[in-house]
Amino acid sequence: MRLWSDSFTDGGLIPAACAFATIDPDAHTRLSVNRNPHLAWDDVPTGTQSLILFCYDIDAPTVGDNVNQDGVVVAEELPRADFYHWTLVDIPVAMRSVAEGKFSEGVTPHGKPGPLLPFTIKNGTEHQLRQAVNDYTTWFVGDPGMAGEFYGYDGPCPPWNDMRVHTYLFCIYALDIPRLALEGRFTGPEARLAIRGHILDEAQMVGVYSLNPELAATLVP
């Protein structure tokens, strides 16, 4: 399989329009346009019954004590973990792309609804996609202005004082099942477990992003 994007190049900078936050010279950061990026795929293997798409940050700090704090930094050598930004499941074989901004446009306080996501394929067929809650659901616990169930895509927002550029992995898997065996609310890691033993093929690409002005200035679109 092959996966690509018209929004950014493989290994290149994710545009601010596809991020949750962007750099603000006065306040460190401000909310951004938060569009999901364009993604397209082909060479789907024979026998595929559905596809599943993931986007996750592989560089999320495991300790949050210094995150977004003046006078300190998030050290590059700090152990890191995955932070899920998007899990889109039950993608029909006839669907071969997602337009930029199709499923996310702007930051939604308390999160976008889910998991059901009605969608019309280009041939006019109605299909019921589903989305997992992303990890902003746990990140915003305790923030009365933002707390809620964050379904679908919400883009990059790494700590502005992080000394590591964050890498975002976009993965698509061809599956031998028509519907993921999860019901109701589910998470990205739960979906990753549910596809074990059902993967026919896969493709991936990466994007990078930073809200640290010194690091951001070095990144190539």
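Just so you know, these numbers come straight off a predicted model, no measurement behind them.

Considerations on the nonpolar core
Most often, soluble globular proteins keep nonpolar side chains buried together rather than apart.
Move 1: Judged by nonpolar contacts, the single largest core of 33 residues is most densely connected at W41, W86, L88, F103 and F170.
Move 2: Going through the elements one at a time, β4 (39-42), β5 (50-61), β6 (80-91), β8 (116-120), β10 (166-175) and β11 (199-209) are the ones with two or more residues in this core.
Move 3: With 4 residues, the single largest contributor to this core is β10.
Move 4: In terms of nonpolar packing, the next biggest core, distinct from the first, is built from 17 residues, A132, C171, L182 and A194 among them.

Some thoughts on the packing of aromatic side chains
Move 1: In total, this model carries 12 aromatic pairs according to the counting rule given.
Move 2: A centroid spacing of 6.0 Å and a plane angle of 35° characterise the contact between F20 and F140, whose relative ring orientation is tilted. Taken together, the residues span a long stretch of sequence, with F20 in the loop between β1 (2-4) and β2 (21-24) and F140 in the loop between α1 (136-139) and β10 at a distance of 120 residues. Take F20 and F140: they sit in the same class, and that class is buried.

Quick look at unusual backbone geometry
Move 1: Residue P115 is reached from G114 by a cis peptide bond, and omega for that bond is 5°.
Move 2: Within the secondary structure, P115 sits in the loop between β7 (97-98) and β8.
Move 3: Of note in the backbone geometry, D43 takes a positive phi value of approximately 60° without being a glycine.
Move 4: Relative to the assigned elements, D43 resides in the loop between β4 and β5.
Move 5: We classify D43 as exposed; its relative accessible area is 54%.
Move 6: For H110, which is not glycine, the phi torsion reads 75° and is therefore positive.
Move 7: Counting through the fold element by element, H110 comes out in the loop between β7 and β8.

Rules used throughout
Residues numbered from 1 in each chain as written. Predicted model: local features only at pLDDT ≥ 70, side-chain atom pairs only at ≥ 80, totals over all residues. Heavy atoms only, no water. Core = buried A, V, L, I, M, F, W, Y, C linked by side-chain atoms within 4.5 Å. Buried < 20%, exposed > 50% of the residue type's maximum accessible area, 1.4 Å probe, protein only. Helix = DSSP H or I, 4+ residues; strand = E, 2+ residues; numbered from the N terminus. Phe/Tyr/Trp six-rings, centres within 6.5 Å; stacked < 30°, edge-to-face > 60°.

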